[in-house]
Amino acid sequence: MPRRTTFGLTLLAAALAAGGPPWLALQEARRQAYEGEAGLAMNYARDVLHRSDETSRQALEAIALLERTGLASCTAAARARMREIDLTSSYIQAIGHLSGDTIECSSQGGPPVPLGDPSFRSSRGIALYDVVPLVEGGPNPLLGLARDDVIVLVHRDLPLDIWTAVPGVSLAIVHLERHRFTMARGPVDPAWLDRLGNRNDTTFIAGGRLVTIVRSQRYVTMAAVAAVPVRALQERIRAATRRLIPAGLFGGLAAAAAILLLARQQMSMAASLRHGLRRGEFFLLYQPLVDLRSGACIGAEALLRWRRPTGELVGPDLFIPVAEQSGLITRVTARVLDLVERDAGEFLARHPGFHIGINLSPADLHSDAIVRRIDVLLERTRARPASLLVEITERGFLHLDAARPVVAALRARGVEVAIDDFGTGYSSLSYLETLDLDFLKIDRSFIEAIGTGAPTRQVVGHIMAMARTLDLKMIAEGVESEAQADFLRAHGVLFAQGWLFGRPMPFADVARMAADARASAA
Ligand code: C2E
Ligand code: CA
Ligand code: CA
């Protein structure tokens, strides 16, 4: 990727990381505030509904009581019964006897009260009188609920008389068949009622208010409404924002800083790699490769090391990924081949049976430059092509169409090819079958698991079976114990490397090991 693009993408990622958490905090503040305010409105509506239900219950019970005694009249006994009922129910103001549309007598005494027509009659035979001036000109007109010839009078405001923490809350009770509020405190809009539909409750914002409507479970045609001014919601959002935004901002800035720092480190590591290549700061160590049957050293894997000018030794696990990402890897690989030529060229010419393993990265397989560089090496050193063993990880075979001609060209020269770190990547039998390879290197992680309880311990068996199917010779990596070596030997693995046989070392030491092996065999 060109450096300008990388830089642009990094800045974009940092900007997104910086903006993301504050944006999330804002959304969260809105959500929390809405839920808080909706919860409050719901509580108010439930309180009102509870009182309304209780009023209805006491009213209907009173009517039933009076009717059951057969005293629905104005006799002295009936009026005594009325007073008794009135006294025992907390929500009822009075109970009386209706004759036509006139209250003939009531528990409150006084002259008959003409009512006129009821303002609403429910499907269950309850007539509603919105304004009943029981005491002529009295301060609080009452509400009348009548069935047959009994009327119960209740206080208009009592069910709505709840305490609210937020000022300006509207409260109302509605008979849903009537589509008009039976009792209301504060501004309400009948259009809200359409939003309830068949639901038991609903909450929405309308007309500058957060409105909640709750249907009674006891009297399903009754519902209560509570509407909180949106102002209260906005205040709550502001409070939640004040609480959440600092954390969001801090998180965003920390994430952006981390991205920029990482990118800067990567960029400066890439720059140092470039310097390091120019100043010759790289060298190779060689890890012996042994024949498991004889124990003889028959080759070595070239492993790259970087000695920084500070003296610090950097491992390939750190700098190879940076070289791959910054497009420097082909130059790094070219350097490895230079170093192999310098360290081992002469030895390879004299010992045709010796192998040098060379690690290639995926990008090395995207052009035939690597083939030409290997040709140069073979020509200059007069080494046998089969002395070179290129190691390609499963990642390298991901772009199969690009890799295939390079692999074919190398094998056509007699160079040997191994699939490296086998089992750790994306290998599938189907694509491996289409490639002609020589060796399979079983990754250290599977060798480690041999003889342990690790869940991967079974995998090594499958890998060995796969190698046999594909007719690949096996090399085991990271062998550290005799037990592992015995196991591998018993399962037909021919070659191995690992600390049991030798750590990565200067080439002169490997050459000595190989010479010793030959001497003892002779
Ligand atoms: P790899 O190809 O799997 O190399 C084997 C790694 O395992 C080496 O680490 C080696 O030192 C380590 N090792 C060998 N035997 C043992 C053992 O018995 N026990 C333990 N614990 N470790 C063992 P190293 O040298 O740090 O290399 C790490 C990786 O870096 C290599 O893994 C390879 O993928 C990459 N690498 C190294 N040199 C080059 C290079 O020149 N070019 C490219 N493209 N990649 C390289
Ligand atoms: Ca390797
Ligand atoms: Ca490995």
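The structure presented is a predicted model; accordingly, all values stated were derived computationally and were not measured. Going along each chain's sequence as written, the residues are numbered from 1 onward. Here every chain gets a letter starting at A, and every ligand a number starting at 1, in the order they are written. Selection of residues for local features in this predicted model requires a pLDDT of at least 70, selection of side-chain atom pairs for listing and counting requires 80 or more, and totals for whole chains, interfaces and linings are taken over all residues. In computing side-chain properties, one takes all heavy atoms of the structure into account and sets aside hydrogens as well as water.

1. Concerning the coordination of the calcium ion (ligand 2)
- Coordinating donors are taken to be N, O and S atoms lying within 2.8 Å of the metal, or within 3.2 Å when the metal is Na, K or Ca; because water is excluded from the atom set, some sites may appear incomplete. Around the calcium ion (ligand 2), the protein contributes the donor atoms Glu301 (OE), Asn359 (OD1), Glu391 (OE) and Asp420 (OD), which lie 2.1 to 2.3 Å from the metal centre.
- In terms of primary sequence, the donors binding the calcium ion (ligand 2) are separated according to E-x57-N-x31-E-x28-D.
- If you look at the calcium ion (ligand 2) and the calcium ion (ligand 3), they sit 5.7 Å from each other. Remark: Glu391 occurs in strand β17 (residues 388-393) and Glu301 occurs in strand β14 (residues 297-307); sequence separation between them is 90 residues. The same class applies to Glu301 and to Glu391, which are both buried. A run of H or I in DSSP counts as a helix once it spans at least four residues, and a run of E counts as a strand once it spans at least two, with each numbered from the N terminus. When a residue's accessible area, from a 1.4 Å probe over protein chains only, is under 20% of the maximum for its type it is buried; when over 50% it is exposed; and in between it is partly exposed.

2. A closer look at the sheet that holds strand β6 (residues 142-147)
- One open sheet accounts for seven strands, arranged β3-β2-β1-β7-β6-β5-β4; its pairing is antiparallel. At either end of the open sheet lies a strand with only one pairing partner, and these are β3 (113-114) and β4 (120-121).
- When DSSP finds two or more bridges between two strands, those strands count as paired. For strand β1 (residues 92-99) and strand β7 (residues 150-155), the ladder comprises five bridges, and the chain directions are antiparallel. Along β7, the bridge assignment pairs Gly96 with Ile151.
- Residue contacts follow a heavy-atom distance rule, with two residues in contact if any of their heavy atoms lie within 4.5 Å. Only the contacting stretch of a helix is used when fitting its axis, a line to C-alpha atoms as for every element, and angles between N-to-C directions run 0 to 180 degrees. Each of β1 and β2 (102-106) is contacted by helix α2 (residues 76-88), which is oriented at about 150° to β1, the strand it contacts most.

3. Points about the sheet that holds strand β8 (residues 170-175)
- In spatial order, the strands read β9-β8-β12-β11-β10; together these five strands make up an open sheet with antiparallel pairing. The open sheet has two edge strands with one neighbour each: β9 (180-185) and β10 (201-206). Averaged over all neighbouring strand pairs, the angle between strand axes comes to 20°, with direction disregarded.
- Of the strands in this sheet, β10, β11 (209-215) and β12 (222-229) are in contact with helix α3 (residues 230-279), which crosses β12 at around 55°.

4. So, the nonpolar core
- With 81 residues, the main nonpolar core has Phe354, Ile356, Phe397 and Ile442 as its most contacted residues.
- The biggest single contributor to this core is helix α5 (residues 329-350), with nine residues.
- Sequence-distant contacts of Ile442, that is, excluding residues within four places in its chain, are made with Ile447, Val460, Ile463, Met464, Met474, Ile475, Ala476, Glu477 and Val493.
- Residue types Ala, Val, Leu, Ile, Met, Phe, Trp, Tyr and Cys, when buried and joined through side-chain atoms within 4.5 Å, form a set referred to as a nonpolar core. With 37 residues, the next largest nonpolar core counts Leu49, Ile63, Cys105 and Val169 among its residues.

5. Considerations on the coordination of the calcium ion (ligand 3)
- Bound to the calcium ion (ligand 3) are the protein donor atoms Asp421 (OD), Asp443 (OD), Glu477 (OE) and Glu477 (OE), situated 2.2 to 2.9 Å from the metal.
- Counting residues between consecutive donors of the calcium ion (ligand 3) along the chain gives the motif D-x21-D-x33-E.
- You can call Asp421 partly exposed: its relative accessible area is 25%.

6. Describing the site of ligand 1
- By convention in this text, a residue qualifies as near a molecule or strand provided that one of its non-hydrogen atoms is within 4 Å of it. Around ligand 1, the surrounding shell holds 21 residues, and the nearest of these are Gln287, Arg305, Arg444, Glu480 and Trp499.
- Within 3.5 Å is the distance limit for a polar contact, defined as a pair of N or O atoms, with the added protein rule that one can donate a hydrogen and the other accept it, and that residues adjacent in sequence qualify only through two side-chain atoms. One nitrogen or oxygen atom from the side chain of Asp420 is found 3.3 Å from an oxygen atom belonging to ligand 1.
- One of the side-chain nitrogen or oxygen atoms of Asp421 is found 3.1 Å away from an oxygen atom of ligand 1.
- Taken by itself ligand 1 offers 790 Å² of open surface, and the protein chains cover 86% of this.
- Broken down by secondary-structure element, the contributors of at least two residues to the shell around ligand 1 are β14, α4 (316-325) and β18 (416-422).
- With four residues, β14 is the largest single contributor of residues to the shell around ligand 1.
- Asp, Glu, Lys and Arg are counted as charged, while Ala, Val, Leu, Ile, Met, Phe, Trp, Tyr, Cys and Pro are counted as nonpolar; the rest, among them Gly, fall into the polar class. Of the residues contributing to the shell around ligand 1, the split by class is eight nonpolar, five polar and eight charged. Exposure was quantified through the Shrake-Rupley algorithm and a 1.4 Å probe, taking into account, for residues, occlusion by the shown protein chains and nothing else.

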